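The chain contents come next:
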Amino acid sequence: MAEEKKKRFTKRSLPPNVRLAVEAALGRKAEGVCVLDLRELSSFTDFFLIAHGTSSRQNAAIAEAVVAALKPAGIRPLSVEGRESADWVLVDYGSLVVHVFSRAARDHYGLESLWGDAPRLDF
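So, here is what we can say about the structure in this document. (Residues numbered from 1 in each chain as written. Predicted model: local features only at pLDDT ≥ 70, side-chain atom pairs only at ≥ 80, totals over all residues. Heavy atoms only, no water.)

## Looking at the overall build of the chain
The cut-off we apply is this: Strands are runs of DSSP state E lasting at least two residues, helices are runs of H or I lasting at least four, and both sets are numbered from the N terminus onward. C-alpha atoms define the radius of gyration, and 2.2 Å times the number of residues to the power 0.38 defines the globule rule. Only protein chains enter the area calculation, which uses a 1.4 Å probe; residues under 20% of their type maximum are buried, those over 50% are exposed, and those in between are partly exposed. Any two residues having at least one pair of non-hydrogen atoms within 4.5 Å are treated as being in contact.
In terms of regular secondary structure, the chain is built from five helices and six strands. Its helices and strands in sequence order give the chain the pattern α-α-β-β-α-β-β-β-α-α-β, from N to C terminus. The globule rule puts the C-alpha radius of gyration for 123 residues at 14 Å, and the 14 Å found for the chain is close to it. The principal-axis extents of the C-alpha atoms in the chain amount to approximately 40 × 35 × 25 Å. Out of the 123 residues belonging to the chain, those deemed buried represent 43%. Of the contacts formed within the chain by residues at least 6 apart in sequence, a portion of 61% connects residues at least 24 apart.

Structure (structure tokens):
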């Protein structure tokens, strides 16, 4: 099983829910969109989708677009945090955690550096 997971991490191999989330974020003009594959590194989630917007309003819209895109597939978030200030909106789907930052918050928290060992796809 572990061999199968390691095989390939490509845009084509992304699970459908992750692909939908990426497309929704890009549809709202999210910047710096990337997906980290945490399957080999984390027990709490399989993927991080990380992006940033240019305003708190855009950040909230990106997060809402992801929720709206996954809803028809019957995929609902376990929790959504940070919607009020929208400096860092976190949408937790269990196997996928979506992080939508302001540019300053993204630079400050440096999730990509924190999870630097994770395979990464940029969009």
